[in-house]
Structure formats: C-alpha cells, structure tokens
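Residue-level structure breakdown
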Amino acid sequence: MMRNSKTHILIAGGGIGGLTAALALLKRGFDVDVYEQASELKEVGAGVQLSPNGNRVLFELGVGEALMALSCEATGKEIRLWNSGHTWKLFDLGAVSVARYGYPYLTVYRPDLIEVLAQAVRAIKPDAIHLKAHVLGFTQDAHSVTLQLENGTVQGDALIGADGVHSVIRQGLFGADEPEHTGLMAWRGVIPMERLPEHLRRPVGTNWVGPGAHVVNYPLHGGALMNFIGVVERSDIPVESWSVRGSQDDCLKDFAGWHDDVQRMIQATDTPFKWALMQRAPMARWSEGRVSLLGDACHPTLPFLAQGAVMALEDGFILARALEADTDIAKALRRYEAARLERTRRIVQGAADNTKRFHNPELASVEGASAYVDREWNEERVRQRYDWLFTYDVTQVPI
Ligand SMILES: Cc1cc2nc3c(=O)[nH]c(=O)nc-3n(C[C@H](O)[C@H](O)[C@H](O)COP(=O)(O)OP(=O)(O)OC[C@H]3O[C@@H](n4cnc5c(N)ncnc54)[C@H](O)[C@@H]3O)c2cc1C
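Analysis parameters
Residues numbered from 1 in each chain as written. Predicted model: local features only at pLDDT ≥ 70, side-chain atom pairs only at ≥ 80, totals over all residues. Helix = DSSP H or I, 4+ residues; strand = E, 2+ residues; numbered from the N terminus. Rg over C-alpha atoms; globule rule 2.2 N^0.38 Å. Buried ≥ 20, exposed ≤ 12 C-beta atoms within 10 Å, placed from the backbone. Contact = placed C-beta atoms within 7 Å. Pairing = 2+ DSSP bridges. Near = placed C-beta within 6 Å. Core = buried A, V, L, I, M, F, W, Y, C linked by C-beta atoms within 7 Å. Axes fitted to C-alpha atoms, helices over the stretch in contact; angles between N-to-C directions. Parallel < 35°, antiparallel > 145°, perpendicular 65-115°, else oblique. Left-handed = near helix turned anticlockwise from the far one by under 90°. Nonpolar A, V, L, I, M, F, W, Y, C, P; charged D, E, K, R; others polar. Arc of directions from axis to C-beta.

So, about the overall build of the protein chain. Each helix and strand counted, the protein chain has 12 helices and 19 strands in total. Its C-alpha radius of gyration of 21 Å places the protein chain within 12% of the 21 Å reference for a compact globule of 399 residues. Expressed along its principal axes, the backbone C-alpha trace of the protein chain runs to roughly 65 × 45 × 40 Å. The 399 residues of the protein chain split such that 46% are buried. Within the protein chain, contacts between residues at least 6 apart in sequence are counted, and of these 74% link residues at least 24 apart.

The structure is reproduced here in structure tokens:
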C-alpha cells in the first residue's frame, strides 16, 4: 500500500469515470485529488444500465452491494411493437446474467451511483473531492504536471482528464474535435413510478421498436422511478447536454401514433430533456507524457450498446492497475492506453453501427417485427453481440 503513497494523481472531473478512477487509485495507495466544476456532487437525474462487466468493477472496488441495494436488477427483457404494443418476451436477464457472467445486470439512478462512489472515496480520503473547481487547462514538464483552475493552480505527478465529452484536457492535448451529427436525438425523462399504471411497474427492461424511432424504459432506484429514453430522427437539436429542456407537447408529437403506454410515460414526465446524438471517430491515442484521459473524454460513444459509463468504470480500474505496475508515469499511462484502445474502439464502432438497428422499416408491422426479433434476438445472435462485452475481466486483462 505505501509504495504509491507519494505519487499524486490529479483528476479533472468528478463524474462516473473520475470517481471510479479515484477510488481504484486510492485503494492501491495513491494520493488522489478530484477537481469537479459543479458546486454539488450530484449527477443528472437520469438512468444508466450497468452490464455485468461494469458491475464486476464496482464489486471489485467494494461498492457493489451498496449500489445493488439502491438499484433494480432487471429480471427480464422484452421487445414491444410501437403501435399495437405486441410483446415479445426475450429472456430472464437477472438469473442469466449472474449465471453466465458472474455479476448482475443493474438499472441504476445516476445520483445513486455517484453517491456510492463519492462516499467510498471520502471514506479513504475525506477531502479528496474538490467542488466548484473549474479546470481551465494544464502544463507539464519532465517532473510534474500543473493543473490550472479558475482560482489557482495545483501540481501533481500525473493528470487524468475525466471531464466528459467536452473535455478541456483532451482539447489541451489534441485540439478541438469534430463531431458529426447522426440525425438522431434522444428524449429522456425520469418518472415517479406511482404515476404509471400497474402493468408498467415491473422490473423489466423494455425496448419499443418502430419505424424511425425507438423507446427504452426501465426501472430505477429500487423501483421508485422509471427511466424513459426515446430516440427519434431529428437534426434540429445540435447540443449534447444533459440540461436542454423540451416540452411534453413536443415529445408527444415525436411519438404520435405510438402505443398508449408510451404516451402515458411521456405525459407522466415532468420535464423531458433532449440530447443531440453526435458521432466521433475513435481516437488513435489519448496519453501524452504525464497526462491521459478516460471515459467520454477519450471514447465518447453513442448509447446504442449502453456501454459508455461502463467503459469509464473499466478505464478507472485498469488505469490504477497500470500505474501500480510501472513507476514510470508516462510508461504506465501508455500501458493503460494500450490496454484500452482496441476494446473501446470496438465499442464506439459497434454503437455507431447500431445507430439505426431499431429504426428498420420492417418494424412497422407485427410480421416484420416478429421476423426481426427471431433474427436479431435469438440466443445465438444475442451471445454474439454481448458475450465479448460482458465477459471482460478488468482484474485479468494483460497490461
Ligand atoms: C441518452 C444517453 C443514455 C445513456 N445510457 C447509457 C447506459 O445505459 N449505459 C452506459 O454505460 N452508458 C450510457 N450512456 C453514456 C454515459 O452517460 C457516459 O458514457 C458517461 O456518463 C461517461 O462518464 P464520464 O465520467 O466519462 O463523463 P461525465 O459523466 O460527462 O462526467 C464528466 C464530469 O466532469 C465534469 N467536468 C466537465 N468539464 C469540467 C471542467 N472543465 N472542470 C471541472 N469539471 C469538469 C462534469 O461536471 C462531470 O461531472 C448514455 C448516454 C446518453 C447521452
């Protein structure tokens, strides 16, 4: 433990990735400080699906049980048809996930995940998380790295940019990126469960499929909340942000003709938010000297494999292993990057390839949708699509 106690790691951004990295590093004896621009450590009120490969990280870090107590373990997965509501039950996600991959598949309220991670970080180093700490940039030399904050500077041995899709640290390393609009937009909202009819209050993940749009809904926060995401083909919203408000009327217009259950979920959402879905080519590298990136800062991905946050969890764990394995910081960061590049590239590409998977015109009818479910959701195809993702073991991958 004491071997790393003098190595001081600065982390820009206290989101899912930044806090996971902080916890993994603190547990290996590093000194860590996290600089988060927000004045409170609260995540956006939205849901996130955490597949077993991500939950393995959380259990390895000792926070799995605490998170499970606050989350939902989706027992099943189903597909429903956009207009008739016809339902295809797919599989028992809960039991299958644990039996096959060793860890559950959880649907999680983001503030719960942040709370659990932050508590674990503070239990090791009470003052590790600095709020209202807006990062402006950095400089580095052969001996140290200096982080520039709005209200001063701090020095450390390494800097990790975990500052999300609009990363200042990435920009400092490689300049501005050039995202491409996919022509898609995600509506999202969180609904108090008691506002929904009984038949929707189930621990099941549902994918609604239709022509030109799809909806995903799943329970959160011990079943007290329902997460709603509706992806539509729209290019008029150019901003990637968790805080762009929309209106129920606008959202209802996008789902005109969809099943009553979809309409009810939209009507029960206080404020639906909009997120423009942008695409970026995978980066060829993301470390330079004593500075590296993790999570959305280096491999932002479309949500069509539900792996963005999970990749940030994996990154944090592997980063800590790499820094422990090599006392030369620059070499350690290159080893971390090398261990993560191919997997994250595959995920970014796979999610992009999935962009219109659910928007196929054949999904307009029961017959077309049945053929689609048989083809895309049979056991063999599901394994082909997900086994390589879910079996990844952060404790074993070579570094
Ligand atoms: C609609 C939608 C649905 C999704 N669903 C899923 C899903 O089901 N499963 C999944 O795994 N992923 C999902 N994702 C992806 C997931 O949200 C991201 O991949 C994940 O949040 C990335 O975590 P991060 O810590 O890298 O970045 P972020 O969560 O963006 O955190 C970055 C942090 O850095 C802080 N910050 C930024 N700039 C600065 C600065 N200059 N100074 C200081 N602090 C700064 C921010 O305030 C924030 O706290 C989804 C994404 C979207 C848009």
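One open sheet holds the 5 strands; their spatial order is 8-2-1-12-19, and the pairing between them is parallel. For this open sheet the edge positions go to strand 8 (129-130) and strand 19 (291-293), each flanked by a neighbour on one side alone. Examined bridge by bridge, strand 1 (residues 8-12) and strand 2 (residues 31-35) share 5 bridges and lie parallel to one another. Of the residues in strand 2, the one forming a bridge with L10 is D33.

For the rest of this paragraph, the subject is the site of the ligand. Near the ligand lie 34 residues; those nearest to it are G13, G15, G164, G295 and G308. Where the shell around the ligand is concerned, the elements lending two or more residues are helix 1 (16-27), strand 3 (47-50), strand 13 (180-192) and helix 9 (308-325). Among the elements that take part in the shell around the ligand, helix 9 stands out by supplying 4 residues, more than any other.

Soluble globular proteins: nonpolar side chains tend toward being buried together. By size, the foremost hydrophobic cluster in this structure holds 119 residues, and its most contacted members are I11, A21, A22, L25, V121, L159 and L319. Residue contributions to this core peak at 11 residues, all from helix 9. Aside from chain neighbours lying at most four places away, what touches A22 is I11, V32, V34, V121 and A128.

Positive phi is not limited to glycine here, since H221 has a value of about 55°. Following the sequence through the fold, H221 ends up in the loop between strand 15 (213-220) and strand 16 (225-233). Of the residues examined, H221 has 21 C-beta atoms within 10 Å and is grouped as buried. The phi dihedral of A306 is positive, around 50°, even though this residue is not glycine. You can see A306 is positioned in the loop between strand 19 and helix 9.

Moving on, we come to the packing of helix 1 against helix 9. Between helix 1 and helix 9, the least distance of the axes is 8 Å, while the angle of their chain directions is 30°. It follows from the interaxial angle that helix 1 and helix 9 lie roughly parallel. Crossing of helix 1 over helix 9 shows right-handed handedness. Taking contact as the criterion, the partners of I16, G17, T20, A21, A24 and L25 in helix 1 are, on helix 9, A309, A312, L313, D315, G316, F317, L319, A320 and L323. Among the residues making up the contact of helix 1 with helix 9, the classes are represented as 11 nonpolar, 3 polar and 1 charged.

As a further point, take helix 8 (residues 260-267). Count 3.6 residues to each turn of an α-helix, and residues three or four apart come out pointing the same way. Restricting attention to buried positions, one finds in helix 8 the residues V262, M265 and I266. Take helix 8 and look down its axis: the buried residues cluster within an arc of 100°, on one side only. The secondary structure elements touched by the buried residues of helix 8 are strand 13, strand 14 (204-210), strand 15, strand 16 and helix 7 (248-254).

Right, let's get into the sheet that holds strand 3. Hydrogen bonds between backbone groups are what pair the strands of a sheet, and the pairing can be parallel or antiparallel. In space, the 3 strands of this open sheet follow the order 3-7-4, with antiparallel pairing throughout. The two strands at the open ends of the sheet, each matched to only one other strand, are strand 3 and strand 4 (72-73). Strand direction decides the pairing type here: strand 4 and strand 7 (residues 106-109), joined by 2 bridges, are antiparallel. The residue bridging E73 from the neighbouring strand is L106, located in strand 7.

One can describe the packing of helix 2 (residues 52-60) onto helix 9 by two numbers: an axis separation of 8 Å at closest approach and a directional angle of 40°. If you check the angle between helix 2 and helix 9, you find them oblique. Crossing geometry of helix 2 relative to helix 9 is assigned as left-handed. Counted together, N53, G54, V57, L58 and E60 of helix 2 and V310, L313, E314 and F317 of helix 9 form the full contact between these two elements. Each residue belonging to the contact of helix 2 with helix 9 can be placed in one class, and the counts come to 5 nonpolar, 2 polar and 2 charged.

Okay, the environment of F255 next. Counting through the fold element by element, F255 comes out in the loop between helix 7 and helix 8. A sequence separation of 40 residues divides F255 from V215, and the C-alpha atoms of the two residues are 9.5 Å apart. Beyond its immediate stretch of four places on either side in the chain, F255 contacts A213, G230, V262, Q263 and I266.

This brings us to the environment of G47. By secondary structure assignment, the location of G47 is in strand 3. The spatial distance from the C-alpha of G47 to the C-alpha of F228 is 8.3 Å, given a sequence separation of 181 residues. Leave out the neighbours within four places in its chain, and G47 touches T107, V108, Y109, R110, V190, Y218, L220 and N227.

Here we come to the pairing of strand 14. Strand 14 sits mainly inside the fold: 6 of its 7 residues count as buried. Sheet analysis places strand 5 (residues 76-81) next to strand 14, joined by 6 bridges and oriented parallel. Counted as the bridge partner of I79 is N207 from strand 14. With 5 bridges joining them, strand 14 and strand 15 adopt antiparallel strand pairing. Each bridged residue has a counterpart across the sheet, and for V209 the counterpart in strand 15 is H214. Count of turn residues in the strand 14/strand 15 antiparallel hairpin: 2 residues, of which G212 carries a positive phi of about 80°.

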